[in-house]
Structures are given as structure tokens and as C-alpha cells.
Amino acid sequence: MQDETGQVVLLIPEGRDISEQQAALRERQKAEETLRQNEERWQLAIAGTKEGIWDWDISTNQTFRSRRWFTMLGYEPNELSDRDDEWSIRIHPDDYARVMAAQEAYLLRQVSDYKVEYRLRCKNGSYRWFKSRAKGIWNKQGNPLRLVGSLEDITDRIQTEERLRRSEALLATTQQIAHVGSWEFNLETKKRCWSIETFRIFGLNPTQSEPTEEEFLQIVHPDDRAWMKTHIQQAIAQETFFNTEYRIVRPDGLVRYLEAKAEIAYDPQGQAVKLLGSVLDITERKQTEAALARSEEQLRLTLEFNHIGIWDWNLKTGEVVWNDNHYRLLGLEPEISVASYQLWRDCVHPEDVDQIEQAVSNALEQHTNFQGEYRVIYPNGSVHWFTGKGRGVYNEVGDPVQMLGVIIDISDVYDELRLRKQAEAALRESEARFQAFMNNSPVLAWISNTDGHILYSNQVYLRTFQLLPEQVIGQSVFDLYHR
């Protein structure tokens, strides 16, 4: 039936009006449909994300978790209860205190955001890294009611970061051991990027920013500064690889030698964008080279002063290496002569060649040191005496492969020996003449020292007094006369 306004009025058999109940039912059904649609959208949203969704009712300690949340930990939804403890008991022991403190601080509104990274134990016992983000709901009294958030698996990112940290640590350690630093120079921004070891090499603090171009040049040794600046500018302008050595003066006053290398990095369009380089501390090498040069010069002077030549004979290839003094000792010029075994052999006196070669051969066969004396004939015909000394080098089976040695000019020794022998021969000849004269003299003759002791007596003297030489020599003249 209709009322006076034309509205349909429903009457139950008893004649009671139920229109308002019907309207309320329709509103509730509409609200339920809306709720159902929202729930479907919520479930679709949950299903469409890679993150696990959770909703913690703090008053009941019950937590809703999406299927993705369980999947990330390797569980089926029915394997865990809806209590919040199912989450907290799986937090890694090393992370537990930190995570719970972060959650408490957020719920007490001590911090504005809830975002924390930690490890959770999976069903198979392994731990994976997760990032959890959430928003809270509080009542009018400020008490937390709910905490709704997401869980994202970040294990791959953490492992990548860890590998990167290890790689960077290994690189830093390797650079420190090798004293090699790396650097970049952005051609557009003009900014530098140095590794920690580069800072160390330059004696600078790695926690400070990289030096500007002017600050860098101030570290370069004053004598190298101008050409170093030009070198860098040319490399940048010409976009070419460079390799150079220069010195720096560190803040502590130490001078270091560095070797710098760099090459150009290009973008996909082929435009030069960076200089990528390395810097190597070569101070020890430079000091060693300088010490070696001084040692070699001292050795050279010593060898020349003492008339010593050095030779190195490769028995396999026949190659011979001489120092300059070796050439000169053979009467040759290093600039125009080429060292060879045959050249040495041609210089040896023909009468000495066979015996000296045999001495060398015997030493190599018997694994003994070689030593021999021989003569060398200079191109001008002069003859010089040498002592040759050498030692063999043998392979693992004992075969000689190399011989190292020296030649020493002993001509002065031979000249002195020859003169001494000549003097001794002349003295013996003189003494023989004197003996012949005195023994053939008809008169008694003797020679005594200032003390009167007889040094010599002739045969006439001995026969006259019927004495033997040992009875006279050394005796006093007065004793002999007394007798």
C-alpha cells in the first residue's frame, strides 16, 4: 500500500511498518559489497607485489601476513600461527636487540620512521636479509593500536655490497702492499677521485677531500713542476695515454719518486669523459738504481785503476761479453771492436795459445777454477803479460753452460822480476869474477868487517895457515894471528 506521500509502505501481517529495516539492510549489503571489493583490491595489491605484507594488531598480538611473507621464508601459511612471535623468534641473534629497539622507538614516537634491515631464519635453517618498513596507528590517548608494514628480501643486494666491500678492501690492501694508488679525473667537472693508497703515497689524510689542481702541483717537486703541468695539460688536450716519472715533496718533507700512468675513458657517444690512472711509489727502485750506478762506477774505476778486465762467455751460444777495460787491456778500442772468443785468441801470443786453452778446458771438465798466465801481443807489436782467472757455471746435470772471469795485466810484475833476475845474474857474475881473481892471486888476502871479523879469505891464505874456510869465516883477525 501507499501512504499519503505516495511512498510504498510494507506491512507485515500484523500491520507493522518495516521500511526502515529494509533500507538498513540495503545499506549494509552495499557496505558489505564495498568491503568485499576493497578486500579484493587489497588482495590483488598484495599478490602483485614482491614484498611480504603484514598487519600486527597490538592489542591481541595477532598478525596478518600475506602469502608472499611466508614464501620468502620457505613456509606454507598453515605452518605458522598468527602470533607476532613467529616473526621475532626468527630474528638473527646479532640483530635482535637492534631491531626490537627500533620498533619500540617508533611506537613510542621517538623517531618518525620505521625502517630497519636485519636477518630472518628461514625454514631450511639459513638466514636471509630483509628490509622492513611500517606505519603505525595510535588512539586518541597516544597508545599504539596497529603496525602495518612490508618485508622485502634484500639478500642479493647485501651479498653484492659485501662482495664489493671485500673487493674494495682487497684492492686497498693490495695497493698498500704494492704502493700503487688509483685515481680518476673528470674532464667535465675537473674533479679528482683518489684511492686511499694514493692519499698515503702523497702523505695526505684520506678523510680529507682530494687536492685541487693547484694544490696538487704544489706537492710536485719544484724542479718537476713546470714540465709536469705541461705534460698533464697535453694529455688532457690530446686525449692520449701517458706514462711519466716525477718527484713529490710530501708535507713531512720527504721526497718520493712516483710513476704515473693514465688512459682516457669514453662515453657511449665516443666523447672523452675521464682520465683513469695509477700512481706507483718507485722511490726504493730509484734509490736502488742510484746505489747500483754508484757501485758500478766504483767497480769500473777500481777495475781500470788495477788493470782488470771482466769477461762473460756463454758456452752454448759462443757469445762473449767484455767490459770496456777488457778491450783496452788487449790493446783494442771498445767502440770499434766486437767481443768474441776468436778475437781474444788472436791477441794471445802464439806460443801461449795451446797451453792456456788447455787450462780452460781442464777447469771446465774438472769443475775447478781456471787460472793461467799468458802473453798478449798488441796491434803495435808490444808484448804484455796477463793472469787469467775464471769459474764455470753448470746446469742441473753438471754440464758447463757459462764461464765468468777476469784478466789482470801483470806486465809490471814481470818487468820487475826480469830486472831483478838481471841484477841477480850480474851480481853472481861479478862475484864469480872476484872469486877467480882472489883465488888466483899469489898474496894472502882476506876481508874483515869493522869489528875485525873475517868475511872472506883466499886460497893462498887458507893454505898458508892450513885452515879450512869454516875455521876462518867469522873469526876475529886477532884470534887467528894469536894462534
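Details of the structure are given in the entry above.
Keep in mind the model is a prediction, meaning the values are calculated, not measured.

Draft legend 1. Representation of the pairing of strand E10 (residues 272-281) within the structure. The pairing of strand E6 (residues 180-186) with E10 spans seven bridges and is classified as antiparallel. Bridge pairing links Gly181 to Val279 in E10. Sheet analysis places strand E9 (residues 255-266) next to E10, joined by nine bridges and oriented antiparallel. The partner of Ile264 across the bridge, within E10, is Leu275. Following E9, the chain reverses through five residues before pairing antiparallel with E10; Gly270 in that reversal takes a positive phi of roughly 85°.

Draft legend 2. Geometry of helix H12 (residues 353-366). In this model H12 runs 20 Å from its N-terminal to its C-terminal C-alpha over 14 residues, within 8% of the 20 Å that 1.5 Å per residue would give. For H12, the set of buried residues is Val353, Ile356, Val360, Ala363 and Leu364. Relative to the axis of H12, the buried residues are bounded by an arc of 110° and lie together on one face. In this structure, H12 carries Asp354, Glu365 and Gln366 as exposed residues pointing more than 90 degrees from its buried face. Summarising the contacts, the buried residues of H12 are in contact with strand E11 (308-314), helix H11 (341-347), strand E13 (370-377), strand E14 (383-394) and strand E15 (400-409). After H12 finishes, the residue His367 shows a positive phi value of roughly 60°.

Draft legend 3. Examining the packing of aromatic side chains more closely. According to the stated counting rule, one finds 12 aromatic pairs in the structure shown. Seen from their ring centres, Tyr106 and Tyr114 are 5.9 Å apart, and the 50° between their planes marks the pair as tilted. Each member of the pair, Tyr106 as well as Tyr114, carries the same accessibility label: buried. Three or more aromatic residues joined by ring pairs make a cluster, and in this case those are Trp313, Tyr341, Trp344, Tyr374 and Phe386.

Draft legend 4. Quick peek at the pairing of strand E8 (residues 242-249). Alternating residues of E8 divide into Phe242, Thr244, Tyr246 and Ile248, all buried, and Asn243, Glu245, Arg247 and Val249, none buried. Counted between consecutive antiparallel strands, the loop separating E8 from E9 contains five residues, among which Gly253 sits at a positive phi close to 90°.

Draft legend 5. Highlighting the sheet that holds E15. Strand order across the open sheet formed by five strands is E12-E11-E15-E14-E13, with antiparallel pairing between neighbours. Of all strands in the sheet, those bounded by a partner on one side alone are strand E12 (320-322) and E13. On average, adjacent strands in this sheet sit at an angle of 25° to one another, irrespective of strand direction. Direction of pairing for E13 relative to E14: antiparallel, over a ladder of eight bridges. Opposite Gln371, over in E14, you have Lys389 as the bridge partner. Across the sheet, H12 lies against E11, E13, E14 and E15, angled at about 155° from E13, the strand it touches most.

Draft legend 6. Main features of the sheet that holds strand E1 (residues 52-57). Taking strand neighbours across the sheet as the criterion, the five strands line up as E2-E1-E5-E4-E3 in an open arrangement whose pairing is antiparallel. With one partner strand each, in any of the chains shown, strand E2 (62-65) and strand E3 (114-121) form the two edges of the open sheet. The sheet shows a mean angle of 25° between the axes of neighbouring strands, direction not considered. Sheet topology note: the strand E4 (residues 127-138)/strand E5 (residues 144-153) ladder contains nine bridges and is antiparallel. Looking at the pairing, Arg133 lines up with Ser150 of E5.

Draft legend 7. Just unusual backbone geometry, in detail. Of note, Arg109 is a non-glycine position whose phi angle comes to about 60°, a positive value. You can see Arg109 is positioned in the loop between helix H4 (93-107) and E3. Arg109 gets classed as exposed once you look at its relative accessible area, which sits at 53%. Despite not being glycine, Lys190 has its phi angle at roughly 65°, a positive value. Structurally, Lys190 can be placed in the loop between E6 and strand E7 (192-194).

Conventions and cut-offs
Residues numbered from 1 in each chain as written. Predicted model: local features only at pLDDT ≥ 70, side-chain atom pairs only at ≥ 80, totals over all residues. Heavy atoms only, no water. Pairing = 2+ DSSP bridges. Helix = DSSP H or I, 4+ residues; strand = E, 2+ residues; numbered from the N terminus. Expected span 1.5 Å × (residues − 1). Buried < 20%, exposed > 50% of the residue type's maximum accessible area, 1.4 Å probe, protein only. Arc of directions from axis to C-beta. Contact = heavy atoms within 4.5 Å. Phe/Tyr/Trp six-rings, centres within 6.5 Å; stacked < 30°, edge-to-face > 60°. Axes fitted to C-alpha atoms, helices over the stretch in contact; angles between N-to-C directions.

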